[in-house]
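The lines below spell out each chain.
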Amino acid sequence: MTPSALAEATYIDSERELNQLVDSLRRERRIACDTESNSLHAYRGKICLIQLSTPDRDVLIDPLRIADISALGGIFADPQIEKVFHASEYDLICLQRDYNFDVRPVFDTMAAARVCGYKRIGLGNMLEDLLGLRHSKKHQTADWARRPLPASHRRYAQMDTRYLLPLRDILYGELQRAGRLEEAFEYFADVTAFEVKSHEFDPEGFWDLCRPKDLSPRQAAVLRELYILRDELAQNYDQPSHKLIANKALLQLATASPRGRKGLFGVSGLPAWLARQNGDEILQAISHGNISLAPPRPPQRLAIPQIIVDRYNLLHTWRKELAQARGLESDVILSKRSMWAIARRKPASVDDLEGIPGLGPWRRAAYGEDLLSVVNRPGG
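Residues take numbers from 1 onward in each chain, read along the sequence in its written order. Totals for whole chains, interfaces and linings use all residues, but because this is a predicted model, local features are given only for residues with pLDDT of at least 70 and pairs of side-chain atoms are given and counted only at 80 or more. Note that water and hydrogens are dropped before the side-chain values are worked out from all heavy atoms of the structure.

J.: Explain helix 6 (residues 151-162) to me, please; I cannot follow it from the model alone.
T.: A turn of α-helix holds 3.6 residues, and therefore any two residues three or four places apart point the same way. Here helix 6 is twelve residues long and its end C-alpha atoms lie 16 Å apart, about the 16 Å a rise of 1.5 Å per residue gives. To sort residues, take the accessible area from a 1.4 Å probe on protein chains only and compare it with the maximum for the residue type: under 20% means buried, over 50% means exposed, and anything in between is partly exposed. In this description a helix means any DSSP run of H or I spanning at least four residues, a strand means any run of E spanning at least two, and both kinds are numbered starting from the N terminus. Along helix 6, the residues that are buried comprise His153, Tyr156, Ala157, Gln158, Met159, Asp160, Thr161 and Arg162. In what follows, a contact means two residues having at least one pair of non-hydrogen atoms within 4.5 Å. In this structure, the buried residues of helix 6 make contact with strand 2 (30-37), strand 3 (47-54), strand 4 (57-61), helix 5 (123-131) and helix 7 (164-178). Here the expected span of a helix is defined as 1.5 Å times the quantity of residues minus one.

Structure (structure tokens):
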């Protein structure tokens, strides 16, 4: 089946229609959900479309046309309504960042597929392999802030949720038959635990573009000026900063320090139109960096004690072998964050594993004794 066989989704772009929708959604047991953002096309991305599907209805909600969508928050937070996503992390980050929505409970079909051992876990692959459906992802990187939204984009967005509920039911059944439901829901908790990063621009973030020892004090000062200018230009042009001027271009400019416009052209990652339009500002930033005090280098990270590194390496080997035996990807077994926490704590009992991120009741029961054996063996 292709998108052409679908009935058209309901497009909601007024508060009155949204409130009516919310009233009807309160009766649902589960809802398929997705969002589309313009993060690839704007300085500061935002949600431009919210897609929801019930067993008998698809809706596209236009938050760019609705002044207040807070009524949806109650649906997303309702503990009696399961929200079904495919690869939920970015959607959940955006929903919290833009609207402070807390979304619970979540069934993540990509995470479920990973616990089941599937290798082709993209939504298009899953729909084709399990439901015999074709879903092209050609609009995945589209500018979703575009209005009016073309019919092809609406149909694409609708497909992202239309079949998530049947897909969820297939995967739920597989997990249930394999005795992996508890493991899967614990893994859902992992993939839906996130921290929303601050929007604030950090002028010292330029150190993340290189190793501090690779730059002379003068080059570091120039790079800092260019990094700050890039952010200002990105805001002015409403473009992602790394797309406006590539990181490699900033580094090349900082090391070469061209003095004239001619030196700006041919720099890979610096668009010619930007060099023409804002060349004087770029050269001024370089000049200012050349006479500025060198920025203080970031403090060196303290070296991790070798005994902890050794424990981590033992855990890493254990995880890899277990994942191969179970036919899963290694991070489904345990995250690197969890392994570092275990290596640092060196638990002496299963009770000592409690409170370690990513080690819920199922993992402690399933892996606890093995983990203790690994970190307490000679050399650990």
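Now, onward.
J.: Any chance you could explain the packing of helix 8 (residues 181-191) against helix 16 (residues 361-375) here in plain terms?
T.: The description of two helices packed together rests on the angle between their axes and the distance between the axes. Fitted lines through C-alpha atoms give the axes, limited to the stretch in contact for helices. The angle between two N-to-C directions lies from 0 to 180 degrees. Running from amino to carboxyl end, helix 8 crosses helix 16 at an angle of 120 degrees, the nearest separation of the two axes being 8 Å. In terms of their interaxial angle, helix 8 and helix 16 are classed as oblique. Here helix 8 contributes Glu182, Glu183, Glu186, Tyr187 and Asp190 to the contact with helix 16, which in turn contributes Pro361, Trp362, Arg363 and Tyr367. In this classification, Asp, Glu, Lys and Arg are treated as charged, Ala, Val, Leu, Ile, Met, Phe, Trp, Tyr, Cys and Pro as nonpolar, and every other residue, Gly included, as polar. Grouping the constituent residues of the contact of helix 8 with helix 16 by class yields four nonpolar, no polar and five charged. Geometric relationships in this document are graded by angle, where less than 35 degrees denotes roughly parallel, more than 145 denotes roughly antiparallel, 65 to 115 denotes roughly perpendicular, and other angles denote oblique.

J.: Looking at this structure, I do not really get the sheet that holds strand 6 (residues 106-108). What am I missing?
T.: In sheet architecture, strand pairing relies on hydrogen bonds along the backbone and comes in two forms, parallel and antiparallel. Strand pairing requires that DSSP identify at least two bridges connecting the strands. Spatially, the six strands line up as an open sheet ordered 1-4-3-2-5-6, and their pairing is mixed. Each end of this open sheet is capped by a strand with a single partner; those strands are strand 1 (10-12) and strand 6. Adjacent strand axes in the sheet meet at a mean angle of 25 degrees, parallel and antiparallel pairs treated alike. By the bridge criterion, six bridges tie strand 2 to strand 3 in an arrangement that is antiparallel. Bridging from a neighbouring strand, Glu36 pairs with Leu49 of strand 3. Docked against the sheet, helix 4 (residues 109-116) engages strand 5 (82-85) and strand 6, running at close to 55 degrees with respect to strand 6. Here helix 6 sits on the sheet and contacts strand 1, strand 2, strand 3 and strand 4; the angle it forms with strand 3, its principal contact strand, is near 50 degrees.

J.: Can you walk me through the packing of aromatic side chains in this structure?
T.: Any two aromatic rings considered together are summarised by their centre-to-centre distance and by the angle between their planes. A pair of aromatic rings is counted whenever rings of Phe, Tyr or Trp (Trp by its six-membered ring) have centres within 6.5 Å, and the orientation is called stacked for planes under 30 degrees apart, edge-to-face for over 60 and tilted otherwise. Evaluated as defined, the whole model comprises 13 aromatic pairs. Here Tyr99 and Phe101 contribute two aromatic rings whose centre-to-centre distance is 5.4 Å and whose plane-to-plane angle is 35 degrees, an arrangement assigned as tilted. When the centroid spacing of 5.1 Å and the interplanar angle of 70 degrees are considered together, the rings of Phe185 and Phe188 count as edge-to-face. Note that Phe185 and Phe188 are positioned in helix 8 at a spacing of three residues, about one turn of the helix. Classification of Phe185 as partly exposed rests on a relative accessible area of 35%. Under the relative-accessibility criterion, Phe188 is labelled buried at 3%. In textbook terms, an aromatic cluster arises when at least three aromatic residues are bridged by ring pairs, as seen for Phe107, Tyr172, Phe185 and Phe188. Lying over the aromatic face of Tyr11, Arg154 brings its terminal NZ or CZ to 3.9 Å of the ring centre. Throughout this description, the term charge over a ring refers to an Arg CZ or Lys NZ atom that lies within 6 Å of the ring centre and within 35 degrees of the ring normal. Seen from the ring of Phe107, Arg168 lies directly overhead, with NZ or CZ sitting 5.1 Å from the centre.

J.: Explanation requested: the side chain of Thr54 in the structure shown.
T.: Tracing the backbone shows Thr54 in strand 3. Here a polar contact means two N or O atoms within 3.5 Å. Within protein one must be a hydrogen donor candidate and the other an acceptor candidate, and residues neighboring in sequence count only if both atoms are side-chain atoms. Looking at Thr54, its side chain comes within polar contact range of the side chain of Asp56, at 3.0 Å. Apart from the residues lying within four places of it in its own chain, the contact partners of Thr54 are Leu25, Glu28, Arg162 and Leu165.

J.: I keep staring at the state of the cysteines and nothing clicks. Help me out?
T.: Disulfides are covalent bonds that connect the sulfur atoms of two cysteines. Two cysteine sulfurs form what is called a disulfide whenever their separation falls within 2.5 Å. Applying the stated rule across the entire model yields zero disulfides. We note that Cys33 lacks a disulfide partner, and the nearest cysteine sulfur, in Cys94, lies 14 Å from it. Looking at the unpaired Cys94, the closest cysteine sulfur is the one in Cys48, lying at 9.7 Å. Residue Cys94 is classed as buried on the basis of its relative accessible area of 0%.

J.: How should the pairing of strand 5 be read in this particular structure?
T.: Remember that side chains alternate between the two faces of the sheet whenever the strand is regular. Burial of the side chains of strand 5 extends over both faces: Glu82 and Val84 are buried on one face and Lys83 and Phe85 on the other. Note: strand 2 against strand 5, three bridges, orientation parallel. The residue bridging Ile31 from the neighbouring strand is Lys83, located in strand 5. As defined by bridge partners, strand 5 adjoins strand 6 across three bridges and the pair is classed as parallel. Residue pairing for strand 6: Val84 is matched across the bridge by Phe107. Handedness of a crossover: with both strands directed away from the viewer, a clockwise path from the first strand across the helix to the second marks it as right-handed. One crossover worth recording links strand 5 to the parallel strand 6 by way of helix 3 (residues 89-99), and it is right-handed.

J.: Mind showing me how you'd approach the pattern of salt bridges here?
T.: A side chain with one charge may pair with a side chain of the opposite charge, provided their charged atoms come close. For this analysis, a salt bridge means a side-chain nitrogen from Lys or Arg found within 4 Å of a carboxyl oxygen belonging to Asp or Glu. Summed over the entire model, instances satisfying the criterion amount to 15 salt bridges. Across the pair Arg26 and Asp23 runs a salt bridge whose closest N-O atoms are separated by 2.6 Å. The exposure class assigned to Arg26 is exposed, which follows from its relative accessible area of 51%. The partly exposed category is assigned to Asp23, whose relative accessible area is 41%. Overlapping salt bridges bring together Arg30, Glu82, Arg168 and Asp169 as one network.

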